[in-house]
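What follows is each chain in one-letter form.
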There are 2 protein chains.
Amino acid sequence: MKKEANVSPWEVSEEVNYDKLSKQFGTKEISKKVLKNLENTHPTLWRGNFFSHRDFDLWLNDAEDGKKVSILTGRGPSEKMHLGHLVPFLAAKALQDKYGCNVYIPISEDEKFFVKKDLSLKDSEKFAEENILDIIALGFKPSKTFIVRDFSYPELYKQASQIAKLITYSEAKSVFGLNPENNIGWTFYPAVQAAHILLPQFIEGKHRTLVPIGIDQDPFIRLTRDIAEHSTLNFVKPSAIHSKFLPSLKGSVKMSSSEGEETNLIYLSDNEKEIKRKINKYAFSGGRDTLEEHKKYGGNPKVDVSFQYLKILFESDDKTLAEIENNYKSGKLLSGQLKGILIEKINAFLKEHQKNRKSAKKQLKKFMLS
Amino acid sequence: MKKEANVSPWEVSEEVNYDKLSKQFGTKEISKKVLKNLENTHPTLWRGNFFSHRDFDLWLNDAEDGKKVSILTGRGPSEKMHLGHLVPFLAAKALQDKYGCNVYIPISEDEKFFVKKDLSLKDSEKFAEENILDIIALGFKPSKTFIVRDFSYPELYKQASQIAKLITYSEAKSVFGLNPENNIGWTFYPAVQAAHILLPQFIEGKHRTLVPIGIDQDPFIRLTRDIAEHSTLNFVKPSAIHSKFLPSLKGSVKMSSSEGEETNLIYLSDNEKEIKRKINKYAFSGGRDTLEEHKKYGGNPKVDVSFQYLKILFESDDKTLAEIENNYKSGKLLSGQLKGILIEKINAFLKEHQKNRKSAKKQLKKFMLS
């Protein structure tokens with residue numbers, strides 16, 4: 001029997017039924033019309049990887065009407081960044097390009113520091129510095145992108161305190177499954193996270209903010225929506241779009257460092273050889289067991305990790321993707337060939353990324369909000 | 001039957017047995033030899049109002065040996081300052097004068113904001129600004145005194161987070177009597193308070209810090225001493241000296257705004273007339289019911305609030321105080337006359353204080369740590 005999904009901000013267990021989760025959380029499906037409107041942004045947006053939302057329609061209306069809107073997406077830096085971390089940033093960047101809006105990126109060194117027992121302050125700050133370079137390398141506009149670090153942004157504690165006053169320990173406990181043995185930083189963190197989500201409004205005043213976020217992080221959105229309109233804040237409820245998890249190399253539900261690096265993760269720092277080796281060796285294939293069978297019955301792109309990566313991240317041309325899908329289904333395209341296509345795409349992406357990352361150091365100051 | 005004392009950082013009930021409290025908390029009595037050594041500092045120090053301590057002897061040794069030592073005393077600003085708030089600051093100032101050491105003064109706008117349901121952020125910041133002027137007016141050395149405000153000191157959250165990681169919710173709950181309906185800011189606050197106590201070491205590195213503090217605040221000292229030497233901090237346990245409460249005008253155990261202003265409090269902003277009226281009308285007298293009885297049997301200075309204020313705060317000359325005491329006991333000095341002595345002393349003090357407070361505004365920048 002399959003385990004039921006257990007999805008919280010700090011734990012995702014196997015087998016996620018996304019439709020059920022959306023119903024359970026009370027979010028809405030993103031309509032076909034909206035997906036159509038997002039064509040030519042980034043495939044992760046228009047191909048349904050972002051599958052559910054809260055008030056995205058209202059945000060889009062304001063954006064289309066030329067009203068002030070912003071985007072907020074953060075990162076809890078506890079390791080080198082891998083492909084699984086990219087999705088919300090690619091969505092944010094694509095929407096910034098389309099609507100010209102400001103993007104705020106809080107780096108929550110504190111969260112990882114509180115939650116990971118053995119993570120030192122120094123290491124959490126080192127990861128923050130490293131991760132920021134990866135984020136800048138994705139091509140955000142320096143004049144419209146504001147990165148803050150929780151341990152150095154001077155307004156953070158004051159903003160978080162205004163929210164903390166509105167949340168009892170009981171509430172935080174029930175929403176986030178806190179337990180009494182968690183440290184009091186962890187207990188406070190929901191207020192910090194809500195302050196992040198409201199950061200654009202703290203800085204620019206009341207307006208619609210969109211948060212592209214993994215579905216597991218939705219409890220933070222709910223909590224923040226519950227308090228955003230409180231008279232002491234007087235903000236508008238944040239909007240959100242929720243993504244599915246990026247499958248790991250071996251095909252488990254979420255690419256995550258908790259399951260071992262080698263068979264699961266593609267780091268943004270991997271070199272060409274590593275990519276080739278990892279994909280060829282570990283990428284879960286939807287192909288048949290033998291060449292004959294594959295040619296006769298065809299492969300299954302739905303479970304094929306290489307195809308999924310192309311669909312969600314790397315092949316933006318719909319026609320090319322459809323060809324790949326059809327040829328794979330028909331058996332004309334072999335697993336090894338499909339992997340070859342992906343390897344080429346990933347390596348092209350990472351080559352560009354690693355080049356941009358080097359020049360990101362020089363741009364750092366332009367991005368840091370002070 | 002008298003209520004047993006209930007002393008926690010947020011509540012003090014009637015009838016405090018200080019010796020019992022010292023035993024219960026595991027603190028040591030300040031020795032006669034040490035009190036003798038503090039003569040010519042401030043009477044609140046050498047006359048036993050500071051009655052118990054933790055490692056004060058070690059702090060004094062370092063101070064006398066010319067090693068680096070510092071003093072830390074803060075304020076949670078929720079109202080205009082009154083006489084009851086003065087005690088730790090007068091002690092800190094006197095020890096700064098004697099040993100030339102740095103004094104750190106954190107202003108915890110956050111604590112009052114979290115704990116007082118109806119206190120707005122704006123008001124808590126306003127009180128902070130007002131209170132800081134009163135503190136500066138007490139005569140601290142600008143070059144050796146560093147005031148920080150929790151909502152604007154940029155390092156605060158990072159410092160508090162390092163401590164928060166070391167304290168579980170269970171521990172905070174049991175030490176401070178937190179309950180699940182307290183907000184998560186309040187739950188986090190013990191980490192902020194410990195960060196205050198360790199602020200001199202965060203800034204200047206490992207050395208002995210003395211905290212003059214009301215005995216009700218000792219749980220924060222215990223908590224901080226428990227974690228100060230943790231490998232991630234590597235600080236020395238803070239020293240503390242504990243004061244008794246300043247009795248209210250009407251003679252209850254603690255001058256506090258929770259019992260009504262008129263009959264309890266003397267504000268630092270009171271004018272000459274108010275002082276005269278309040279003392280004459282409300283100051284609890286240890287005198288007899290009739291003039292005849294008073295002259296015959298004498299008064300009781302131990303319960304006489306005017307005498308206590310002279311002893312703790314306003315009459316620094318031991319000989320003069322002894323004369324007052326003896327004359328009062330013998331019945332030669334009447335209650336009204338004793339009150340007259342106090343009125344004159346308080347008004348002289350407040351006149352100077354209110355003058356200094358006006359010029360404090362110009363000095364503000366010199367005191368704020370940035």
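Each remark here, short or long, concerns the structure printed above.
Residues numbered from 1 in each chain as written. Chains lettered and ligands numbered in written order. Predicted model: local features only at pLDDT ≥ 70, side-chain atom pairs only at ≥ 80, totals over all residues. Heavy atoms only, no water.

**Some remarks on unusual backbone geometry**
One can expect most non-glycine residues to show negative phi and most peptide bonds to be in trans.
All names here are of chain B.
Then comes step 1: Although it is not a glycine, D55 adopts a positive phi angle of roughly 55°.
Then comes step 2: Here D55 shows up in the loop between β4 (50-54) and α4 (56-64).
Then comes step 3: Its identity is not glycine, yet N234 carries a phi of approximately 60°, on the positive side.
Then comes step 4: According to the relative accessible area criterion, N234 is partly exposed, its value standing at 44%. (Helix = DSSP H or I, 4+ residues; strand = E, 2+ residues; numbered from the N terminus. Buried < 20%, exposed > 50% of the residue type's maximum accessible area, 1.4 Å probe, protein only.)

**Quick notes on the relation of the copies chain A and chain B**
One copy of the chain maps onto the second through a rotation about an axis and a displacement along it.
Then comes step 1: With an axial shift of 0.0 Å and an RMSD of 0.0 Å, the rotation relating chain A to chain B amounts to 180°. Both copies of the chain, as the preceding transformation shows, are related through a two-fold rotation axis. Residue P154 of chain A of chain A places its C-alpha closer to the rotation axis than any other residue of that unit, at 2.2 Å.
Then comes step 2: Interface overlap between copies is the fraction of interface residues in one copy that are interface residues in the other; for chain A against chain B it reaches 100%, indicating a shared surface. (Least-squares fit on C-alpha atoms with pLDDT ≥ 70 in both. Contact = heavy atoms within 4.5 Å.)

**Quick look at the pattern of salt bridges**
Residues and elements named next belong to chain A.
Then comes step 1: In this structure the tally under the stated criterion is 40 salt bridges over all chains.
Then comes step 2: Between E130 and R357 there is a salt bridge, with the nearest N and O atoms lying 2.7 Å from each other. Here R357 lies in helix α16 (residues 335-367) and E130 lies in helix α7 (residues 121-136), a separation of 227 residues in the sequence.
Then comes step 3: For E130, a relative accessible area of 37% corresponds to the partly exposed category.
Then comes step 4: On the accessibility criterion, R357 (19% relative accessible area) is buried. (Salt bridge = Lys/Arg side-chain N within 4 Å of Asp/Glu carboxyl O.)

**Focus on the interface of chain A and chain B**
Then comes step 1: In this assembly, 34 residues from chain A lie in contact with 34 residues from chain B.
Then comes step 2: Both faces considered, chain A and chain B share a buried interface measuring about 3,000 Å² in area, 66% of it formed by carbon and sulfur atoms.
Then comes step 3: Area buried by chain A at its contact with chain B is led by Y157, K165 and I184 of chain A, which between them contribute 29% of it.
Then comes step 4: For the pair chain A and chain B, the interface holds two salt bridges.
Then comes step 5: For E125 of chain B, the salt bridge is made with K158 of chain A, and the minimal N-O distance between the two is 3.0 Å.
Then comes step 6: Applying the counting criterion to the chain A and chain B interface returns 22 residue pairs in polar contact (both at pLDDT 80 or more).
Then comes step 7: Residue assignment for the side of chain A that touches chain B shows that the elements contributing at least two residues are α6 (109-115), α7, α8 (156-164), α9 (169-176) and α10 (184-204) of chain A.
Then comes step 8: For the side of chain A that touches chain B, the leading source of residues is α10 of chain A, giving seven residues.
Then comes step 9: In the side of chain A that touches chain B, the residues fall into 18 nonpolar, eight polar and eight charged. (Buried area = accessible area lost by both parts, 1.4 Å probe. Polar contact = N/O pair within 3.5 Å; in protein donor to acceptor, adjacent residues only side chain to side chain. Nonpolar A, V, L, I, M, F, W, Y, C, P; charged D, E, K, R; others polar.)

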